[in-house]
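Working through the structure, step by step
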There are 2 protein chains.
Amino acid sequence: LDGTVYKGSNAVAGAADTIDWLRGRGKRLVFLSNRGNISRERCQANLAGMGIEVEREEIVLTSSVAAAYLKRHHEAAAVWTLGDEGLRDELRLAGVSLAAFPEAADWLLITLCETLTYTDLNDAFRAVRNGAKIMATNADRMFPGQDGLSIDVAGMIGAITATTGQTVELTLGKPSALMANAALDALGLPPERCLIVGDSLESDIRLGKRSGMMTALVLTGSATREEAEASRLEPDWICGSIADLRQLMPTTANREGDQHDRTCIPD
Amino acid sequence: LDGTVYKGSNAVAGAADTIDWLRGRGKRLVFLSNRGNISRERCQANLAGMGIEVEREEIVLTSSVAAAYLKRHHEAAAVWTLGDEGLRDELRLAGVSLAAFPEAADWLLITLCETLTYTDLNDAFRAVRNGAKIMATNADRMFPGQDGLSIDVAGMIGAITATTGQTVELTLGKPSALMANAALDALGLPPERCLIVGDSLESDIRLGKRSGMMTALVLTGSATREEAEASRLEPDWICGSIADLRQLMPTTANREGDQHDRTCIPD
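Residues numbered from 1 in each chain as written. Chains lettered and ligands numbered in written order. Predicted model: local features only at pLDDT ≥ 70, side-chain atom pairs only at ≥ 80, totals over all residues. Heavy atoms only, no water.

1. A word on the overall build of chain A
Of regular secondary structure, chain A possesses 10 helices and 14 strands. Since a compact globule built from 267 residues should have a radius of gyration of about 18 Å, the 19 Å found for chain A is in line with a globular shape. Taking the principal axes of the C-alpha coordinates as reference, chain A spans close to 55 × 35 × 35 Å. For chain A, contacts bridging at least 24 residues in sequence account for 65% of all contacts bridging at least 6. When the accessible area of chain A is evaluated, it comes to approximately 11,600 Å², of which 45% is carbon and sulfur surface. (Helix = DSSP H or I, 4+ residues; strand = E, 2+ residues; numbered from the N terminus. Rg over C-alpha atoms; globule rule 2.2 N^0.38 Å. Contact = heavy atoms within 4.5 Å. Areas by Shrake-Rupley, 256 points an atom, 1.4 Å probe, with all protein chains shown as cover.)

Here's what the structure looks like:
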């Protein structure tokens, strides 16, 4: 989402129209993000504020994927979180048990915490010192914040692993199969009928390649054209922005093997 | 100090009397701590509150040692800090320039930050992203807080190094030669005429061994007798607490080689 559909709190130019246009052509959509510190409800409201109307079921965040994963694989576990309230909203919604205090936790779930205090770090430290295993929604090192590049989940993880000597048992975010499967489940489609559009080679394009989706890199976020062309990941298309998907669509509809042009738009 | 002279905000039993008794015998004293988030003035007030009267010049903290080091070796440098106000108090007192904003910093100086917020972490991250080198007052992973073991400087360091990919250029705290020299300078004595008394094998006893001081481990803090006896560091004496120094003194006065008993007090 961030770097693809919007930048900070502003939609990428043409994003809303393009999404409408895709819907008009009967395309199913899912909005996939490594953000784990907001709930889908909050994400839906953020998108609506940019003129992009999305159903909650079309949104897949690491917060909701973490909640579903814990409910499915560790139903009896008590979870302590190091992260913002949106993560706990999704955990509660899924019926995951939140530990009453750090020392009671079976898992520490770490995500971005923009409301972080020393007490939050210390509670997380104590959870792990008392035996909680560490799960992370993602391990991104930085993200484009409103006022510049900002420290991301890897900072929260680094604080806890450096002081407890423990490692992260499971990281959920893109390019994991968990995220790919959550997206495919939401779409109800096999991967070869899906196109992943994203700004990150390492998370978005890698996820697409691993899971057998078509891939389009946009240049409105973390990657440059030079990086994309030098990368072994070789996105199927490199687009200036999400708005260029309109030009891409006729090509993908008739896609045959590697006949397509990797650069779909003029500079 | 913490674990040797006091525990949290309470003096170790007999500490104040023992310090008076040592002064009465003409012993010079220095109070040495890896704490970098308080100023010497604050430390002096804390000790006074426990009935222990100390001159500011008798206190050596990593905050004051960092300030002196920066003033001496990097006088023109602008310093950004990730830590509590006490660190900045010592920097200002020494005439070190504090950077006006993170991106202007030549050095990021990290210490414990019990007032930590996400903004503090993000500012430190941005300082290093913009070229600031990393210095740490110490790299302790945990300390005995008022309500239990608490996350220490290594947490703050871990957050920044994990996200910037940079490493710490210099760590100042015990058992470094910088701390040993600062203590010896304050005492005006050669190391062989000094006894270091501390609760940590790795920081206190190691500092004493490295610098040629006599060493006494107290069991009121982080180390147990079993750990001490198993350690290759072999403290010269193992004492129940600082109060047992009175029994130790006649022995040290007549110390000859390794004739002394490593366990100076009955259990």
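Now that the structure is up, let's keep going.
2. Side note on the interface of chain A and chain B
At the interface, 30 residues of chain A touch 30 residues of chain B. Roughly 2,300 Å² of surface becomes buried between chain A and chain B when both sides are summed, with 60% attributable to carbon and sulfur atoms. Area buried by chain A at its contact with chain B is led by Tyr118(A), Ile151(A) and Thr163(A), which between them contribute 31% of it. Linking chain A with chain B are 2 salt bridges, by the criterion used here. A salt bridge links Asp147(A) to Arg126(B); its shortest N-O distance comes to 2.8 Å. Mapped onto the side of chain A that touches chain B, the elements with two or more residues apiece are α5 (118-129), β9 (142-145), β10 (148-151) and α6 (153-164) of chain A. (Buried area = accessible area lost by both parts, 1.4 Å probe. Salt bridge = Lys/Arg side-chain N within 4 Å of Asp/Glu carboxyl O.)

3. Considering a positive patch on the surface
Residues and elements named next belong to chain A. A grouping of Arg-25, Lys-27, Arg-28 and Arg-193 is seen on the molecular surface, where their side chains present a positively charged patch. Its location among the elements puts Arg-25 in the loop between α1 (15-24) and β3 (31-33). According to the relative accessible area criterion, Arg-25 is partly exposed, its value standing at 41%. (Patch = residues over 30% accessible without salt bridge, like charges linked within 9 Å, V, L, I, M, F, W, Y side chains within 5 Å. Lys, Arg positive; Asp, Glu negative; His and termini not counted. Charge placed at Lys NZ, Arg CZ, Asp CG, Glu CD. Buried < 20%, exposed > 50% of the residue type's maximum accessible area, 1.4 Å probe, protein only.)

4. A word on the nonpolar core
Counting 52 residues, the largest nonpolar core has Ile160(A) and Ile160(B) as its most contacted members. Residues within four places of Ile160(B) in sequence aside, it is in contact with Ile151(A), Leu82(B), Leu108(B), Ile110(B), Leu121(B), Ala124(B), Phe125(B), Val128(B), Ile134(B) and Gly165(B). (Core = buried A, V, L, I, M, F, W, Y, C linked by side-chain atoms within 4.5 Å.)

5. Some details on the relation of the copies chain A and chain B
Placing chain A over chain B gives an RMSD of 0.0 Å and needs a rotation angle of 180°, together with 0.0 Å of translation along the axis. Taken together, these values place the two copies in the relation of a two-fold axis. Here 100% of the contact residues of chain A are again contact residues in chain B; the copies associate through an equivalent surface. (Least-squares fit on C-alpha atoms with pLDDT ≥ 70 in both.)

6. Some thoughts on the environment of Phe101(A)
By the secondary structure assignment, Phe101(A) is in the loop between β6 (97-98) and β7 (107-110). Counting along the chain gives 22 residues from Phe101(A) to Asp123(A), while the straight-line C-alpha distance between them is 8.2 Å.

7. Observations regarding the pattern of salt bridges
This structure, assessed with the given rule, holds 22 salt bridges over all chains. When the shortest N-O distance is used, the salt bridge between Glu114(A) and Arg35(A) registers 3.8 Å. Placement of the pair is Glu114(A) in the loop between β7 and α5 and Arg35(A) in the loop between β3 and α2 (40-49), with a sequence separation of 79 residues. Classification of Glu114(A) as partly exposed rests on a relative accessible area of 37%. On the basis of relative accessible area, Arg35(A) is assigned to the partly exposed category, the value being 24%. Among the salt bridges present, the one from Lys71(B) reaches Glu75(B), with a minimum N-O distance of 3.1 Å. What makes Glu75(B) exposed here is its relative accessible area of 52%. One continuous salt-bridge network, built from bridges that share partners, spans Glu85(A), Arg88(A), Asp89(A) and Arg92(A).

8. Describing the packing of α6(A) against helix α6 (residues 153-164) of chain B
Close contact between α6(A) and α6(B) brings their axes to 7 Å; oriented N to C, the two are set at 135°. As far as their axial angle goes, α6(B) and α6(A) are oblique. Like other packed secondary-structure pairs, α6(A) and α6(B) cross with a definite hand, here right-handed. Residues Ala154(A), Gly155(A), Gly158(A), Ala159(A), Ala162(A) and Thr163(A) of α6(A) form the contact with α6(B), whose participating residues are Ala154(B), Gly155(B), Gly158(B), Ala159(B), Ala162(B) and Thr163(B). (Axes fitted to C-alpha atoms, helices over the stretch in contact; angles between N-to-C directions. Parallel < 35°, antiparallel > 145°, perpendicular 65-115°, else oblique. Left-handed = near helix turned anticlockwise from the far one by under 90°.)

9. Things to note about the sheet that holds strand β7 (residues 107-110) of chain B
All names here are of chain B. Strand order in this open sheet of 5 strands is β6-β5-β7-β8-β11, and the pairing throughout is parallel. Among the strands making up the open sheet, the edge pair consists of β6 (97-98) and β11 (168-171). Strand contacts of helix α4 (residues 85-94): β5 (78-82), β6 and β7, with the helix running at about 160° to β5, the strand carrying the most contacts. Together, β5, β7 and β8 (133-136) form the strand contacts of helix α5 (residues 118-129), whose direction differs from that of β5 by roughly 145°. (Pairing = 2+ DSSP bridges.)

10. Some words on the sheet that holds β7(A)
All names here are of chain A. If you walk across this open sheet you meet the 5 strands as β6-β5-β7-β8-β11, and the pairing is parallel. Pairing within the sheet leaves two strands with one partner each, and these edge strands are β6 and β11 (168-171). With 3 bridges joining them, strand β8 (residues 133-136) and β11 adopt parallel strand pairing. For Met-135, the partnering residue across the bridge sits in β11 and is Leu-170. Most of the contacts of helix α3 (residues 62-73) go to β7, to which it runs at about 165°, and overall it touches β5 (78-82), β7, β8 and β11. Sheet strands touched by α5: β5, β7 and β8. Its angle to β5, the strand with the most contacts, is close to 145°.

11. A few points about the packing of aromatic side chains
This model, assessed by the stated rule, comprises 0 aromatic pairs over all chains. Here the guanidinium or amino end of Arg35(A) rests over the ring plane of Phe143(A), the centre of that ring lying 5.8 Å away. (Phe/Tyr/Trp six-rings, centres within 6.5 Å; stacked < 30°, edge-to-face > 60°. Lys NZ or Arg CZ within 6 Å of the ring centre and 35° of its normal.)

12. Brief notes about the side chain of Thr163(A)
Inspection of the secondary structure assignment puts Thr163(A) in helix α6. What makes Thr163(A) buried here is its relative accessible area of 0%. A polar contact of 3.3 Å, which involves the side chain of Thr163(A), links it to the backbone oxygen of Ile160(A). Setting aside residues no more than four positions away along its own chain, Thr163(A) makes contact with Phe125(A), Arg141(B), Met142(B), Ile151(B), Asp152(B), Ala154(B) and Gly155(B). (Polar contact = N/O pair within 3.5 Å; in protein donor to acceptor, adjacent residues only side chain to side chain.)

13. Brief notes about the confidence of the model for chain A
Do not read the predicted coordinates in detail wherever pLDDT is low. Residue and element names in this part refer to chain A. This prediction gives chain A a mean pLDDT of 93; 93% of its residues lie at or above 70. Taken together, the stretch residues 253-267 has pLDDT below 50 and engages in 29 contacts with residues farther than four places along the chain or on a different chain. Both scores are given for the predicted complex: the pTM is 0.90, the ipTM 0.89. (pLDDT = per-residue confidence, 0-100.)

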